[in-house]
Amino acid sequence: MAGGHRSILKQKNKSHNHGKHRSKRNLKREAHGKVNVKQITKDKKIKEVLRQEAAVKRVDGRGNTLDEKRGVATLPPRLVVVVSLEKSVNTTAVVDLLKEADLTAITNKSEQNVLHVSACKLKNRMCFITPEYGNLQELLDAAKAADVVLFVVGEDGMDKYGEHCLACVMGQGIPASVFACQGLSKLSKKKTSDAKKLIDKQIEKSFPDCKFRTIDTWQDAQALWRQVANLALKPLHFRDSRPYLLAEKLEFEQNVENDADATEEINDAVFGTLKLSGYLRGKSLNVNKLVHLPGWGDFQMSQIDQSDDPYPLVVKGNKDRRKKEDGTDDEMKEVTPRSFCLAKATNPESLQSEVIPDEMDQEQTWPTAEELGEDKPVKVKSLKGVSDYQRNWILDLEDGSAGSDDSEDETMEDEMMADAKKPEGSDEELEEEDEGGLDAATATEVDENENYDDQIDLDEDKKMYERMKEERLHVHFPDEIDTPIDVPARTRFARYRGMDSFQTTVWDHNDSLPYDYARIYRVNKHHYKRLKKISVVDQEDDATDNLLAEPGNYITVHVKNVPKSFMDFHKPGNPVTLFGLFSNEQKMTLISALISRAPGFKSPVKAKDPLVFQIGFRRFSSCPIFSEHSYQNKFKMERFLPQQGFIVASMFAPIMFAPAPVLVFRENVMQKYDLVAKGSLMPLDTDRIVIKRVVLSGAPFKINKRSVVVRYMFFNREDIEFYKPIELRTKYGKRGHIKQALGTHGHMKCTFNGQLKSEDTVLMNLYKRVYPKWSYDPCVNILPPVMEDGSVEESDEEMEKEPEKGEAFKLFD
């Protein structure tokens, strides 16, 4: 029988004492729905203040938005770039239809083929640019200054070149965009439905929520005009934070030879003053600041002239302009705008872009006063002069064993990489068979088509084949190099060091810097934000009113010392843009860009290959180095641009502030430019340490548990003793050290933390810091790539026009 107990014996815990504090829920429960009068008054006042602030903000924002959409008289006309994404599209017919949106519109065309349309009835004005189909440079330069980009496709959608143009414009930074289709009215209902589905499928890849319009009748054009006029503009950070101008008139005045201020002729190059006229957009332009011409570099201004608006918005009357084609109406008469000098340069900013290094100041590791005052004798050991910083290194090499230059190192390493991991007697035979097969195939094709050799460059094919082999070897055997037999390893790899750990070992960013680092302005990641803030504030606050040109006005900028070759290579009608620079943006530094390979580009791209970069508004050529993208104090160099993933490209270039889009191009065999990669600019950091790794490999010869005899890593006894302190590793994850040398032919006895397998490989990692080449060149031109279907063809005029061989700048136009 189960026993029980009395309730009086049960433990009773003391209840929690809430004190005077009561929760809001308890207070509401006790109030039974009653609310304090003071609290009601307080809440109402707060809500009323918040409501009034929101209403004021809403009204102000609505007014600003309406002013931007309507294009009031204080704003420049909305700039629309009409882009053809298919070869059969007639952009001229599209612009003609848009002019018919308002029958009372007044049209004018500038010298640079910019069409101005002033819609009197619709009370807004626009200007249109139609880049030539197949001219990528013209498209990108026009899109930099555009307010709206109108993409026009055909009934068959976009072709390959149209997709390429769309990818480039998006990578550069696209403003507000609209899509239209031409030619759907000629199709049947069934074909029209299929065409719309195809176009929607192509557009939704890049613009998921975008819907296209048809542009076949004047009714379609009127609806499209209203959409473009009322479209909200999208900001572009690299452009809207600075003054910029699209030239509508160009004039070049050569410098007088006897003028004291004129620039002398250097290397047979003639300089002069370039006058660019157009509407100033963005921010105010200071005459003492510097300006940039994309593809040509930075320049100074001598003066700025301001003119009356030559294309004003006329709102008087609603007369049909088609009845006044002869221009007899008073409203159609052209009025010569007045022009006056707005500002002259009094103290222009210097064009000096490099630091002048002191030839006598070459020592970067001069000892401190404490080090000079030490009385303790230095113990002479195998490693001489080891300091606290140098104790982190496994190996410290003397200056006397510096070895060859970096260029020689690169050449020898490339040769080693080409021969690395070759099966004996296999690759040479295959190479001979490939060359023989290539020659036989070429002979067969010549019999069928006599012009086949003119289309294919066999030497370039062989070079591409070798590069593809190098890239494939690098993927399978990253950074592995065979030790040369005839050269001692301690001489061949004299500039390399060994490290305990790549992640934790400290590497001083001022250690053994090259001479080029004395020519640049040092900006680390801690000072970058301050420099950016100072440069932007100087642009906004340090200028006086009598030196400024306000945005929205029609001005003429006098740019000094522009080379005459600018006008020689300028094709009439191609857009020319001008961008104002912040303070310090002309100075050279080390910049880095985070890029990824373009989807349609598969060819190998090696580090230090010449590439064309378009970063924001700048376009230049350089030879960058590639490094991994990670969060640490040093970064491993990559020899090739990876097929997938992101990588950092570092190069010497003028100071640029992030964020800014990046496009990378490379010249192909046909002297055209292919899109290689896209990305964005990273914050400035000249202390970025890029480390190149080489891996020496050896094969196990005899295995006795954890003791292994290794061969083929070195070929003499002195190298083994020299590299004895460095740790070894294997591909299967074992770690060990060199114990002793065996004989005089490079065999060595090593111990590991586990037993090795016979198919394992013993590796040794060596590191050195690398730097980019000083290869910055602001004079560059981009032409469209050659498509596989041959859709882009040069006209007869372009084929006949060839650049002169003696020009100072190598440009292709």
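Residues numbered from 1 in each chain as written. Predicted model: local features only at pLDDT ≥ 70, side-chain atom pairs only at ≥ 80, totals over all residues. Heavy atoms only, no water.

With respect to the overall build of the protein
The following threshold applies: Secondary structure follows DSSP: runs of H or I at least 4 residues long count as helices, runs of E at least 2 residues long count as strands, and numbering of each begins at the N terminus. Throughout, exposure labels follow a simple rule: accessible area from a 1.4 Å probe, protein chains only, divided by the maximum for the residue type, with under 20% read as buried, over 50% as exposed, and the rest as partly exposed.
Scanning the protein from terminus to terminus reveals 18 helices and 32 strands. Residues classed as buried in the protein amount to 45% of the 813 residues present.

Some remarks on the pattern of salt bridges
Short version of the rule: Salt bridges are counted wherever a side-chain nitrogen of Lys or Arg sits within 4 Å of a carboxyl oxygen of Asp or Glu.
Per the stated rule, a full pass over the model turns up 24 salt bridges. With its nearest N and O atoms 2.7 Å apart, the salt bridge here joins Arg125 to Asp309. Pair noted here: Arg125 is in strand β4 (residues 124-129) and Asp309 is in the loop between β13 (297-307) and β14 (339-344), with a separation of 184 residues, a long-range link. We classify Arg125 as buried; its relative accessible area is 6%. As a salt-bridge pair, Glu638 and Lys636 come within 3.5 Å of each other at their nearest N and O atoms. By the burial criterion, Glu638 is buried, and Lys636 matches it. Salt bridges sharing common partners tie together Asp479, Lys636, Glu638, Arg639 and Arg693.

Quick notes on the confidence of the model for the protein
So the rule is basically this: pLDDT expresses how confident the predictor is about each individual residue, on a scale running from 0 to 100. Contacts: residue pairs with any heavy atoms within 4.5 Å of one another.
Looking at the protein as a whole, its pLDDT mean stands at 77, while 75% of the residues score no less than 70. A low-confidence stretch, residues 258-267 (pLDDT under 50), is modelled with eight contacts involving residues beyond four sequence positions or located in other chains. Confidence over residues 364-369 falls short of pLDDT 50; this stretch has four contacts with residues more than four positions distant or in other chains.

Let's talk about the sheet that holds strand β2 (residues 106-109)
Put simply, the rule is: Any two strands with at least two DSSP-identified bridges between them are counted as paired.
Pairing is mixed across the open sheet formed by seven strands, whose spatial order is β2-β3-β4-β1-β5-β6-β7. At either end of the open sheet lies a strand with only one pairing partner, and these are β2 and β7 (213-214). Bridge count for strand β1 (residues 78-84) against strand β5 (residues 148-153) is five bridges, and the pairing is parallel. Note that in β5 the partner of Val81 across the bridge is Val149.

Things to note about helix α6 (residues 189-203)
Applied cut-off: Take the residue count of a helix, subtract one, and multiply by 1.5 Å to get its expected span. This arc is taken over the directions from the axis of the helix to the C-beta atoms.
Taking 1.5 Å of rise per residue, the 15 residues of α6 would be expected to cover 21 Å, and the 21 Å separating its terminal C-alpha atoms lies within 8% of that figure. Within α6 the residues assigned to the buried category are Thr192, Ala195, Ile199, Gln202 and Ile203. Along the axis of α6, the buried residues cluster in a sector spanning 90°; they form a single face. Exposed residues pointing more than 90 degrees away from the buried face of α6 are listed as Lys189, Lys190, Lys197 and Lys201. Taken together, the buried residues of α6 touch β5, α5 (160-172) and β6 (176-181).

Side note on unusual backbone geometry
A cis amide bond links Ala658 with the next residue in sequence, Pro659, at an omega value of 0°. Checked against the element boundaries, Pro659 lands in the loop between β24 (646-654) and β25 (661-667). Although it is not a glycine, Ser512 sits at a positive phi angle of roughly 55°. Mapping Ser512 onto the fold places it in the loop between α14 (489-492) and α15 (528-541). Of note in this structure, Asn584 is not a glycine but carries a positive phi near 75°. Position of Asn584 relative to the elements: it lies in the loop between β18 (577-580) and β19 (588-597). A relative accessible area of 16% means that Asn584 is categorised as buried.

Notes on the packing of aromatic side chains
We count it as follows: Any Phe, Tyr or Trp ring, taking Trp's six-membered ring, that has another such ring centre within 6.5 Å forms a pair; planes under 30 degrees apart are called stacked, those over 60 apart edge-to-face, and the others tilted. Ring-over charges, as used throughout, are those where CZ of Arg or NZ of Lys falls within 6 Å of the ring centre and within 35 degrees of the ring normal.
Enumeration over the complete set of coordinates arrives at 18 aromatic pairs. Measuring from ring centre to ring centre gives 5.5 Å for Phe502 and Tyr767, while their planes differ by 40°; the resulting arrangement is tilted. Pair noted here: Phe502 is in the loop between α14 and α15 and Tyr767 is in strand β32 (residues 762-769), with a separation of 265 residues, a long-range link. For the pair shown, Phe502 and Tyr767 are each scored as buried. Among the aromatic residues, those joined into a ring-pair cluster are Tyr517, Phe652, Tyr771 and Trp774. A cation over a ring is seen here: Arg519 above Trp774, with NZ or CZ 3.8 Å from the ring centre.

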